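# An overview of the molecular structure
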Amino acid sequence: MKRRLSVLLVAVMLLTMICTACGSNETKETEEKKEETAVTEEETKEEGEEYHIAVVTPTLSVSEDEFRAGEQLMEEYPDVVTHLVLPEKFDTEIEGCISTIVSAADDPLMRAVIVSSGQSGLIPAFQQLKEKNPDIITIASTIYDEPDMMSENIDVNLDMDAIRRGETIPTKAKEMGAKTFIHYSFPTHLAKPTITARRDKMKETCKELGLEFVEVITPDPQTGNGPEAMQQFLQEDIPRQIEKYGKETNIFGTNCPMYDVIIAKALELKFTVAEQCCPTPTQAYPTVLGLEIAEEDATNFDKINQMIAEKVDAQEMKGRLSGWPIPVTIFLPKFGVEVAREMIANPDFNPNNAENLGKLAKDKFGLDVDFQQYMDYENYYMFIMESIYY
């Protein structure tokens, strides 16, 4: 009996020692995790107390991409980023738009304001921001006021290089096997200097590359019967052009609604589309390919691009459709915030330098983005993004 009791006591003592050791280790690990979390929270808190950044976008209904980018930035940097939304009717509420932007300076911790509206008439807002707080960093990514006024009144100006795409798109089309380059547009678009300058650059580049350049004028959706007549024309004309020039043809259109037809016809007739007018995975591809994109994946472009690639491959069109891996209207506001954060964290960082901007884009987004100074404006940079081939 004594022997059994002794054995029992020893077992209890061993079990107690093991449990105590385990409990000690678990407590230690828990305390370490708590300390790590506390440090992280404290760092975040200090960062939030140190400065604020405002990102200004249109409403969800006016520009879904830019609005969603603003919301995502608040989630990513909750103690830093404030998302300000412009009035719905920009043209008739310009004073309200200016007031919304200038209100950012009421925050004593505000260090930077990024405006991504794709509108004009906002120079007074930037002037008033500087009057209220000269130290606030101002970034346009992007707006469309006169470049000399933007350069004079805004610290950093960023935009897609529409004119240079007149060179890069035909060059890419040639690399993708095209021998003919067809350019679809209409009178009110061709009245815009940027559209005609890009068209002329495309024509010039095609001549240099030995591509046949073909210009086709469609019904005008802005003065005629809307986009439906234009789309119907494309439905009928594209097969005629492919019959004439063959599958080694690239088609480019200057208007977003064109691409529901162009992409669908490309899958049917097997010609190339080097880039859309707005080179994004969300233009035409989801509709034409019948992609079912969950709400939580609406801006998961790695997943969306993979879905597109799989559908395109299944239709034996691999490598004949291309674009940019992320919408410019998502990239620009997010990149503007990253530029501001870098300027605040590193006073030696010069944002008005093509190499610095390209390196920052690579570090933060994993994308090759080629920036070039716009004309003689030292603080105005235009970019071309790397391509994705489906």
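Every value quoted in this text rests on a predicted model; they were computed, and no experiment measured them.

So, about the overall build of the chain. Within the chain, the secondary structure is distributed over 14 helices and 12 strands. Expressed as a percentage of the 390 residues in the chain, the buried residues total 47%. Across the chain, contacts joining residues at least 24 apart in sequence account for 70% of those joining residues at least 6 apart. Summed over all atoms, the accessible surface of the chain reaches about 19600 Å², with 50% contributed by carbon and sulfur.

To continue, consider the pairing of strand 4 (residues 137-140). Here strand 4 shows a buried face lined by I137 and I139 and a second buried face lined by T138 and A140. For strand 4 and strand 5 (residues 156-160), the ladder comprises 2 bridges, and the chain directions are parallel. Its bridge partner lying in strand 5, I139 is registered against V156. Where the polypeptide runs from strand 4 across helix 5 (residues 147-153) and back to strand 5, its parallel neighbour, the crossover connection is right-handed.

Glancing now at the sheet that holds strand 7 (residues 212-217). The strands that make up a sheet are held in pairs by hydrogen bonds between backbone atoms, and each pair lies either parallel or antiparallel. Spatial ordering of the open sheet is given by 7-6-8, a layout of 3 strands whose pairing is parallel. A single partner strand is all that each edge strand has here, and the edge strands are strand 7 and strand 8 (249-253). Looking at each pair of strands side by side, their axes are set apart by 20° on average, direction ignored. As paired strands, strand 6 (residues 180-185) and strand 7 are joined by 6 bridges and run parallel to one another. Pairing of T180 across the sheet is with E212, part of strand 7.

Their axes nearest at 10 Å, the elements helix 9 (residues 227-245) and helix 10 (residues 259-269) cross at an angle of 30°. The angle between the axes of helix 9 and helix 10 places the two elements in the roughly parallel class. When you trace helix 9 past helix 10, the crossing you get is right-handed. Residue-level contacts link Q231, L234, Q235, I238, P239 and I242 of helix 9 to D260, V261, I262, K265 and L269 of helix 10.

With that settled, the discussion passes to the state of the cysteines. Per the counting criterion, the structure on display carries 0 disulfides. With no disulfide of its own, C277 has C256 as its nearest cysteine by sulfur position, at a separation of 3.8 Å. Note on C277: relative accessible area 7%, which makes it buried.

This paragraph deals with the packing of aromatic side chains. Applying the stated criterion to the full structure yields 12 aromatic pairs. Centre to centre, the rings of F331 and F335 are 5.1 Å apart; their planes meet at 15°, and the pair counts as stacked. Of the two residues, F331 and F335 both sit in helix 13 (residues 328-345), 4 residues apart, roughly one turn of that helix. By relative accessible area, which is 0% here, F331 ends up buried. Consider the rings of F335 and F371, whose centres lie 5.4 Å apart with planes at 25°: the pair is stacked. Here F335 is found in helix 13, whereas its partner F371 is found in strand 10 (residues 369-373), with 36 residues between them in sequence. The two residues F335 and F371 agree in class, both being buried. Through a chain of ring-to-ring contacts, three or more aromatic side chains come together here, namely W324, F331, F335, F365, F371 and F383.

Below, the discussion takes up the nonpolar core. If you look at the biggest cluster of nonpolar residues, it comprises 82 residues, and the most contacted ones within it are I238 and F383. Leaving out residues up to four positions away in the same chain, I238 has contacts with Y184, I251, V261, I262, K265, L269 and F271. Within the second largest apolar cluster, 26 residues are counted, among which are L86, F90, I98 and M150.

What counts, and at which threshold
- Residues numbered from 1 in each chain as written.
- Predicted model: local features only at pLDDT ≥ 70, side-chain atom pairs only at ≥ 80, totals over all residues.
- Heavy atoms only, no water.
- Helix = DSSP H or I, 4+ residues; strand = E, 2+ residues; numbered from the N terminus.
- Buried < 20%, exposed > 50% of the residue type's maximum accessible area, 1.4 Å probe, protein only.
- Contact = heavy atoms within 4.5 Å.
- Areas by Shrake-Rupley, 256 points an atom, 1.4 Å probe, with all protein chains shown as cover.
- Pairing = 2+ DSSP bridges.
- Right-handed = clockwise from strand over helix to strand, strands pointing away.
- Axes fitted to C-alpha atoms, helices over the stretch in contact; angles between N-to-C directions.
- Parallel < 35°, antiparallel > 145°, perpendicular 65-115°, else oblique.
- Left-handed = near helix turned anticlockwise from the far one by under 90°.
- Disulfide = S-S within 2.5 Å.
- Phe/Tyr/Trp six-rings, centres within 6.5 Å; stacked < 30°, edge-to-face > 60°.
- Core = buried A, V, L, I, M, F, W, Y, C linked by side-chain atoms within 4.5 Å.

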